[in-house]
Amino acid sequence: MSHGQHNMRVTIFGSGYVGLVTGACLAEAGNNVLCVDIDADKIERLQQGELPIYEPGLESLVKRGRQAGRLDFTTDAAAGVSHGLFQFISVGTPPEEDGSADLQHVLAVANSIGKHLNDYRIIVDKSTVPVGTADKVKTEIRRVLEQRGVQTEFDVVSNPEFLKEGAAVDDFMKPDRIIIGTDNPRTAELLRALYDPFTRSHDRAIVMDVRSAELTKYAANAMLATKISFMNELANLAECMGADIEHVRQGIGADPRIGYAFIYPGCGYGGSCFPKDVKALAASSSSAGYHSELLEAVENVNQRQKLVLFDKIKTYFNGQLRGKVIGLWGLSFKPNTDDMREASSRVLMEALWEAGCSVQAYDPVASAEAHRIYGERKDLTLCERAEEAVTGADALAILTEWQEFRSPDFELVKNSLRRPVIFDGRNLYDPSHMRSMGFDYFGIGRGDSIVAWGKSQSMDTKGK
Ligand SMILES: NC(=O)c1ccc[n+]([C@@H]2O[C@H](COP(=O)([O-])OP(=O)(O)OC[C@H]3O[C@@H](n4cnc5c(N)ncnc54)[C@H](O)[C@@H]3O)[C@@H](O)[C@H]2O)c1
C-alpha cells in the first residue's frame, strides 16, 4: 500500500474550473502537476500567473504551486502524456442538440493519449460523462496504439468530481467522498494514495465498478436538481393557495429524513452542471430504452421557473414593458462565481429585451463575463455598484443571492428607484418588513401571487 506518498506525477487535460482546481490542489499536496489545455491564450495567461476564472482561494494556490515548481502549464499534449503516471481528463462535456453529452473533447484527449503513450499510465475520467464512456476512452486509445503498432498497458478509471463552483478549492481539499470506479485493485490503491492528503481524518474513498461510478455523478446532480424543482413546484402551489413557502420549507426541513439542505425555492437552477447533467441523464436513459418521467419533469419545471420573475414583472406593469428600465442584481448563476452558463439572469434579461425593456445590471464579479457574452448593447448597462443599477430604474429584480444583497440600504434603494418595487428571485427579504418600508415586494412562493398560474402565456412557451 502506497499511502503517504505525495510526490506523484500528474497530468491534467483541461484547465477549466475542474482541471485547474484539481491541478492546483494536487500540487499543493506535494505532487508534480502539468496542466494541458488546447486554449493557447488560457495557457499563456496561466503561465503569467493570471487566472482565467474567479474562484475563491485559487489564485494563491496556483501562485504557490508555480513558485514551488510543482505546477506548470502547457499546450503540448506529448509532454503531458510523458509527464504523469495519472492522466486526468477534465475537459468539458457540453450538451448536444438532443441533450446528450458531447464526448468529442473527452475522445480528443483519448486520441492524444493514444498518440503519445509509451509506458503504463492511469487515465482518470474526471469529466462528467455518461455510463460507458470509460469503455469508449479505452477503445479509442487502443485503436490509436494499434495504428502506431505500440503495445503498452494502461487503465481507465472513473473518478467523477463533486466540487461546487464558488467553494471549489474547499470542496477539493475536504471532499465528502472520492468515487473511484475501477475493477483493478492496484489502480484503486494508487488513486487512494493520491487523494490521501485530502482524506486524513477518515478514508473517504468509495471504490466501485466503472459504470456505477459514472452513474453516481449523474445521480447526485439529478437528485439535487430534483430537490430544487420540487421546491419550486411547491412554491408556485403556495402562491396559488395563499401559503408561504418559507414557512413550509422550515416545516419540512425539520424532518431529518428531509433536512434543510438544498430546499430553497427560487428562480430556477443554472450553471454548467445541473441543466446539462439532468438532460444528459434523460438522454442516456432514453437510449438505454428507459423513458424517465421524473427527469423530464425536473427539467421542465426548471425552464418554467426561470420565467417566473419575467411573468411577475409583466403582470405588475399590465403588460406595458416597452421602454421600462429594470435594475438587476446578480448575473452569475449562483454567488461566489462569475460563471453565467445557463444562469436565470440570462433568461430574464433576454425576455426583458424582447419585450422592449432595458437592463441596468450589477454583479460583484460577473460583469466582465456578461460583457463577453452580450458585448456592447444599448439595452444593457453593466454597473460598478449596486446603487447604480437601481438609479432611475422602474423596478429591481434580484437573481443571485450574493451576500452583499442581503441587507442593503433600503432607503437608498427606495429613493433611487422610480417605483419602489422589488422582484426577489431568491427570497432574501421578509415580505411584511418590505411592505412596512413602503415597497411593493414579490418573492417566490410567499403567499401572494400576481401571476395567474395556469393562464399565463410566457410560462407555456418553454425556454422563451
Ligand atoms: N464546473 C463545475 O462545477 C463542475 C463540477 C463537477 C464536474 N464538472 C465536470 O467537469 C468537466 C469540466 O468542466 P469545467 O467546468 O471545468 O469545464 P471548462 O469549460 O471550465 O474547462 C474545460 C477546459 O478543457 C479544455 N479542453 C477542451 N478540449 C481539450 C483537449 N482536447 N485537451 C486539453 N484541454 C481541452 C478547454 O479549453 C477548457 O479550458 C465537465 O464534464 C463538467 O460537467 C464540472
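Residues numbered from 1 in each chain as written. Predicted model: local features only at pLDDT ≥ 70, side-chain atom pairs only at ≥ 80, totals over all residues. Heavy atoms only, no water.

1. Brief notes about the state of the cysteines
Okay, step 1: A full pass over the atoms with the stated rule returns zero disulfides.
Okay, step 2: Between Cys25, a free cysteine, and Cys35, which holds the nearest cysteine sulfur, the sulfur-to-sulfur gap is 11 Å.
Okay, step 3: You can see Cys357 has no disulfide; the closest cysteine sulfur is in Cys383, sitting 15 Å from it.
Okay, step 4: Residue Cys357 is classed as buried on the basis of its relative accessible area of 3%. (Disulfide = S-S within 2.5 Å. Buried < 20%, exposed > 50% of the residue type's maximum accessible area, 1.4 Å probe, protein only.)

2. Focus: the site of the ligand
Okay, step 1: As a matter of local geometry, the ligand sits amid 26 residues, with Asp37, Lys42, Thr93, Glu165 and Lys276 nearest to it.
Okay, step 2: Measuring from an oxygen atom of the ligand, one finds a side-chain N or O atom of Lys42 at 2.6 Å.
Okay, step 3: Lys276 is positioned such that a nitrogen or oxygen atom in its side chain is 2.6 Å from an oxygen atom of the ligand.
Okay, step 4: Contributing elements (two or more residues each) for the shell around the ligand: helix H1 (17-28) and helix H5 (104-116).
Okay, step 5: By residue class, the composition of the shell around the ligand is eight nonpolar, ten polar and eight charged. (Near = heavy atom within 4 Å. Polar contact = N/O pair within 3.5 Å; in protein donor to acceptor, adjacent residues only side chain to side chain. Helix = DSSP H or I, 4+ residues; strand = E, 2+ residues; numbered from the N terminus. Nonpolar A, V, L, I, M, F, W, Y, C, P; charged D, E, K, R; others polar.)

3. Here we look at the packing of aromatic side chains
Okay, step 1: Applying the stated criterion to the full structure yields 15 aromatic pairs.
Okay, step 2: Judged by centre distance (5.0 Å) and plane angle (20°), the ring pair of Trp329 and Phe405 falls under stacked. Here Trp329 is found in strand S9 (residues 325-329), whereas its partner Phe405 is found in the loop between strand S12 (395-398) and helix H17 (410-416), with 76 residues between them in sequence. With respect to burial, Trp329 and Phe405 carry one shared label: buried.
Okay, step 3: Note on Tyr362 and Phe405: the rings are 6.0 Å apart at their centroids and 70° apart in plane angle, and the pair reads as edge-to-face. Highlighted residues: Tyr362 in strand S10 (residues 358-362) and Phe405 in the loop between S12 and H17, separated in sequence by 43 residues. Judged on exposure class, the residue Tyr362 and its partner Phe405 are both buried.
Okay, step 4: Members of the aromatic cluster, each reached through a chain of ring pairs, are Tyr316, Phe317, Phe423 and Phe442.
Okay, step 5: One residue, Arg177, lies across the ring of Phe162, its end atom 3.7 Å from the ring centre. (Phe/Tyr/Trp six-rings, centres within 6.5 Å; stacked < 30°, edge-to-face > 60°. Lys NZ or Arg CZ within 6 Å of the ring centre and 35° of its normal.)

4. Observations concerning the environment of Ile43
Okay, step 1: Looking at the element boundaries, Ile43 is found in helix H2 (residues 40-47).
Okay, step 2: Note on Ile43: relative accessible area 3%, which makes it buried.
Okay, step 3: Considered as a pair, Ile43 and Thr74 are 31 residues apart in the sequence and their alpha carbons are 6.2 Å apart.
Okay, step 4: With residues near it in sequence (within four places) discarded, Ile43 still touches Ser15, Cys35, Asp37, Phe73, Thr74 and Thr75. (Contact = heavy atoms within 4.5 Å.)

5. Quick look at the side chain of Asn111
Okay, step 1: As for its placement among the helices and strands, Asn111 is situated in helix H5.
Okay, step 2: With a relative accessible area of 18%, Asn111 lands in the buried category.
Okay, step 3: Within the local environment of Asn111, its side chain forms a polar contact with the side chain of Glu140, the two groups lying 2.8 Å apart.
Okay, step 4: Setting aside residues up to four positions removed in sequence, Asn111 forms contacts with Glu140, Arg143 and Val144.

6. Overview of helix H15 (residues 367-374)
Okay, step 1: Among the residues of H15, those classed as buried are Ser367, Glu369, Ala370 and Tyr374. Taken down its axis, H15 places every buried residue within 160° of arc, on the same side. Exposed and facing more than 90 degrees away from the buried side of H15 are Ala368 and Arg372.
Okay, step 2: Residues of H15 that are buried sit in contact with helix H14 (344-354) and strand S11 (380-383).
Okay, step 3: Where H15 ends, the next residue or the one after it, Gly375, has phi of about 65°, a positive value. (Arc of directions from axis to C-beta.)

7. Comments concerning the packing of helix H11 (residues 274-287) against helix H12 (residues 293-305)
Okay, step 1: Contact geometry of H11 with H12 gives a least axis separation of 9 Å together with a crossing angle of 150°. On the basis of the axis angle, H11 is roughly antiparallel to H12. In terms of crossing hand, the pair formed by H11 and H12 is left-handed. Across from Pro275, Val278, Lys279, Leu281 and Ala282 in H11, the residues of H12 making contact are Leu295, Val298 and Glu299.
Okay, step 2: Among the residues forming the contact of H11 with H12, the class breakdown is six nonpolar, no polar and two charged. (Axes fitted to C-alpha atoms, helices over the stretch in contact; angles between N-to-C directions. Parallel < 35°, antiparallel > 145°, perpendicular 65-115°, else oblique. Left-handed = near helix turned anticlockwise from the far one by under 90°.)

8. Some thoughts on the sheet that holds S11
Okay, step 1: What the six strands build is an open sheet, ordered S11-S10-S9-S12-S13-S14; its pairing is parallel. What marks the edges here is a single partner per strand, and that holds for S11 and strand S14 (440-442). Sheet twist, expressed as the average angle between the axes of neighbouring strands with direction ignored, equals 20°.
Okay, step 2: Pairing of strand S13 (residues 421-424) with S14 involves three bridges; the strand directions are parallel. Its bridge partner lying in S14, Val421 is registered against Asp440.
Okay, step 3: Docked against the sheet, helix H13 (residues 308-316) engages S9, S12, S13 and S14, running at close to 155° with respect to S13.
Okay, step 4: Each of S9, S10, S11 and S12 is contacted by H14, which is oriented at about 175° to S9, the strand it contacts most. (Pairing = 2+ DSSP bridges.)

Just distances and angles here, no functional claims.
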